[in-house]
Amino acid sequence: MNKAIAYCLKPALLLALPALLLQACAPKADEPLLEGKINTAEPVSLSVVYDYEGDNYVEELTTDSAGRFAYNPDLAGTEADLILFVGSDLYGAYVKKGSHARIDIDGGKATFAGDNTDRCAFVNALYQAYSPWAFKPTPDHPFDLREWNGKLQQGAERVQKALDAVADDKARARYQRLADATHKYYALQTLSLDRMMNQTDNVARQDSLVASIDPNADESRLSGLINYWYNNAQLARPSGRNIDLTTYFVQQINAVDSALTNEGNKKSLARTLCDMFFMYQPADSAVQAFRQGIAPQLAKAPLLAKHVEELAAERAKQVKDGDPLPADPTLLARDGSRAKLSDVIRDKVAYIDFWATWCAPCCREIPFFEKVWQQYKDDPRIVFVSISQDDNRQAWEKKMDNDRPGWPNYIFEPASGRQFLDAMSIHAIPRFVIVGKDGRLISADAARPSDKNIKAVLDAALNH
């Protein structure tokens, strides 16, 4: 909501000096939509993201040496709720064409000045209260339902306080729907974690929440609820045991298009399904058939069509079995020593685990990884390596100190680690890779240690 413009001159002068009124009250033409300052001693990278009708717009920024940055894109619409990613921290802000806002970030807290501070404060409260990082169990901070429900309640109270301060009735009503939907999303996530971690039977409660989702509401897309709806909608259920993945994903996207009326929600789900299709590393013929199968959806969604082309281009560059490793990242050991990956695995078959302490599925694989390592630890032909992509080095160090693993464990040096993960197209973890003693990939997406066939897989790699 726009704040009411205060009179800058006495009423008698308003008619006589309209140009001066505009000059005095309107934002300066050279002022960005959002400027900010992060309390830092060196330049910091950040990403600014917003959704407009189901399309995501992303801009990468870098602060100057004093931590200052400016965000001034040509907005797709007239206004936007922004998410700011600064490392592993999330912040929010609101911008509108013709207005100017400022955010100052210090010690994980954000303060606002300029226009629409009430809406900036709400968006920031929403994304901080319901940050994904606040609802991710780790080995050092295991899942506890009462604690997680307490976090939900505390977050809801902070969000409601910020919501009550939003002055415009229409904006406040929209934000109320968004807050409710986001709270429901994390309530579902908490129930899912409880079911996974504690084998709790809460299916009826989950089903009840999912049944209340409106799949055509914008807030269902913006909160992530649309994904829960899709997972339970059972659209275009495949028949038979042998499923052609191209046909499956084409059917799913077409079914979404038929089931929904909100074009933004259609685009959001279609983008997710496109991402999933390309994760399976389809052949050229499959990519062409996929494009043809969803041609009507691509024709009405130019940014989705562009995204598919980008995925296809990235796939063409992806490493494949038989390729050499595309980079040689620097690894840091617990004692602070540094090593190159090539030195760690030189002249050996390597079974490499890419993981992070905050990734629950990763941590569930560790006991299996140890059991497999025990079987091969005296075989000089093979080396087992775990490499963490944690941003929080202290969390990784604490995990190492607690577990004391017997096989080599490292954390990526940040810059070279990001380059390596991008070059390997590792966008989700856990991920396991097998490298031959010649430095070439035997399997760019290998079986997990919990796989019942893992010994046969590793024996085959040793005889490769």
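Here is what the cut-offs are and how they apply
- Residues numbered from 1 in each chain as written.
- Predicted model: local features only at pLDDT ≥ 70, side-chain atom pairs only at ≥ 80, totals over all residues.
- Heavy atoms only, no water.
- Disulfide = S-S within 2.5 Å.
- Buried < 20%, exposed > 50% of the residue type's maximum accessible area, 1.4 Å probe, protein only.
- Pairing = 2+ DSSP bridges.
- Helix = DSSP H or I, 4+ residues; strand = E, 2+ residues; numbered from the N terminus.
- Axes fitted to C-alpha atoms, helices over the stretch in contact; angles between N-to-C directions.
- Phe/Tyr/Trp six-rings, centres within 6.5 Å; stacked < 30°, edge-to-face > 60°.
- pLDDT = per-residue confidence, 0-100.
- Contact = heavy atoms within 4.5 Å.
- Core = buried A, V, L, I, M, F, W, Y, C linked by side-chain atoms within 4.5 Å.
- Salt bridge = Lys/Arg side-chain N within 4 Å of Asp/Glu carboxyl O.
- Parallel < 35°, antiparallel > 145°, perpendicular 65-115°, else oblique.
- Nonpolar A, V, L, I, M, F, W, Y, C, P; charged D, E, K, R; others polar.
- Arc of directions from axis to C-beta.

Another aspect to go through is the state of the cysteines. Inspection of the entire model under this criterion finds one disulfide. At a sulfur-sulfur separation of 2.4 Å, the disulfide partner of Cys359 is Cys362. Where Cys359 bonds to Cys362 through sulfur, the torsion about that S-S bond is close to 80°, and the disulfide is right-handed. Residue Cys359 is classed as buried on the basis of its relative accessible area, which comes to 6%. Judged by its relative accessible area of 1%, Cys362 is buried. With no disulfide of its own, Cys363 lies 6.4 Å from the sulfur of Cys362, the closest cysteine sulfur.

Let's shift gears to the pairing of strand β8 (residues 109-114). A regular strand places its side chains so that they alternate between the two faces of the sheet. Here strand β7 (residues 101-106) runs beside β8; their pairing, made up of six bridges, is antiparallel. The residue bridging Ile103 from the neighbouring strand is Phe112, located in β8. Where β7 folds back on β8, the antiparallel hairpin that results is connected by two residues, among which Gly107 adopts a positive phi of roughly 65°.

Next up on the list: the sheet that holds strand β5 (residues 79-86). Hydrogen bonds along the backbone pair up the strands of a sheet, which may run parallel or antiparallel. With antiparallel pairing, four strands are arranged side by side in an open sheet as β3-β2-β5-β6. Taken across any chain shown, the strands that pair with only one partner, and hence form the sheet edges, are β3 (55-62) and β6 (89-96). For this sheet, the mean angle separating the axes of adjacent strands, direction not counted, is 25°.

We now examine unusual backbone geometry. A cis geometry characterises the amide bond from Ile429 onward to Pro430, with omega recorded as 5°. Residue placement: Pro430 occurs in the loop between α17 (414-423) and β14 (431-435). Not every positive phi belongs to a glycine, and Glu53 is a case in point at roughly 55°. Checked against the element boundaries, Glu53 lands in the loop between β2 (45-52) and β3. Backbone geometry places Arg404, a non-glycine residue, at a positive phi of 50°. The topology assignment puts Arg404 in the loop between α16 (393-403) and β13 (409-412). Residue classification places Arg404 among the exposed residues on the basis of a relative accessible area of 69%.

Our next topic: the packing of aromatic side chains. Inspection of every chain in the model, using the stated rule, returns 21 aromatic pairs. Consider the rings of Tyr185 and Tyr186, whose centres lie 5.1 Å apart with planes at 85°: the pair is edge-to-face. With centroids separated by 5.2 Å and ring planes inclined at 80°, the aromatic side chains of Tyr248 and Phe249 adopt a geometry described as edge-to-face. Linked through ring pairs, Tyr351, Phe369, Trp373, Tyr376, Phe384, Trp407 and Phe432 together constitute an aromatic cluster.

Counting all residues, the mean pLDDT for the protein chain is 88, and 92% of those residues have values of 70 or more. The low-confidence segment residues 1-27 (pLDDT under 50) makes 25 contacts with residues lying over four places distant or belonging to another chain.

With that out of the way, let us pick up the nonpolar core. Formed by 84 residues in total, the largest nonpolar core has its most connected members in Leu34, Leu82, Leu84, Ile103, Phe122 and Phe290. Considering each element in turn, this core owes the most residues, eleven residues, to helix α5 (residues 169-198). Apart from the residues within four sequence positions on either side, Phe122 is in contact with Val159, Ala162, Leu163, Val166, Tyr175 and Ala179.

Glancing now at the pairing of strand β1 (residues 34-38). Covered by surrounding structure in β1 are Leu34, Gly36 and Ile38 only, the residues Glu35 and Lys37 on the alternate face being uncovered. Summarising the sheet, β1 and β7 pair through five bridges and their orientation is parallel. Paired with Glu35 across the two strands is Arg102, which belongs to β7.

A side chain of one charge can pair with a side chain of the opposite charge when the charged atoms of the two come close. For the coordinates displayed, the defined rule picks out 27 salt bridges. In this structure, Asp104 and Arg102 form a salt bridge, with 2.9 Å as the shortest nitrogen-oxygen distance. A relative accessible area of 25% means that Asp104 is categorised as partly exposed. Glu397 is the partner of Arg334 in a salt bridge, and the nearest nitrogen-oxygen pair spans 3.8 Å. Highlighted residues: Arg334 in the loop between β9 (330-332) and β10 (338-340) and Glu397 in helix α16, separated in sequence by 63 residues. In this structure Arg334 comes out as partly exposed when scored by relative accessible area, which is 34%. One connected set of salt bridges, linked through shared partners, spans Asp257, Glu263, Lys266 and Lys300.

Right, let's talk about the packing of helix α3 (residues 117-129) against helix α4 (residues 145-164) for a bit. Packed helices, taken two at a time, are described by the angle between their axes plus the distance between the axes. At a closest axis distance of 8 Å, the pairing of α3 and α4 adopts a crossing angle of 175°. Taken as axis vectors, α3 and α4 run roughly antiparallel relative to one another. Residue-level contacts link Ala121, Phe122, Ala125, Leu126 and Ala129 of α3 to Gly155, Arg158, Val159, Ala162 and Leu163 of α4. Residue classes in the contact of α3 with α4 are distributed as eight nonpolar, one polar and one charged.

This paragraph deals with the side chain of Thr190. When you line up the elements, Thr190 lands in helix α5. Assessed through its relative accessible area of 2%, Thr190 is described here as buried.

This paragraph deals with α17. Residues Ser416, Gly417, Phe420 and Leu421 constitute the buried set of α17. Buried positions in α17, seen along its axis, are confined to an arc of 135° and lie on one side of it. More than 90 degrees from the buried face of α17, the exposed residues found are Arg418, Gln419 and Asp422. The inward-facing, buried residues of α17 contact β9, α14 (341-345), β11 (349-355) and β13.

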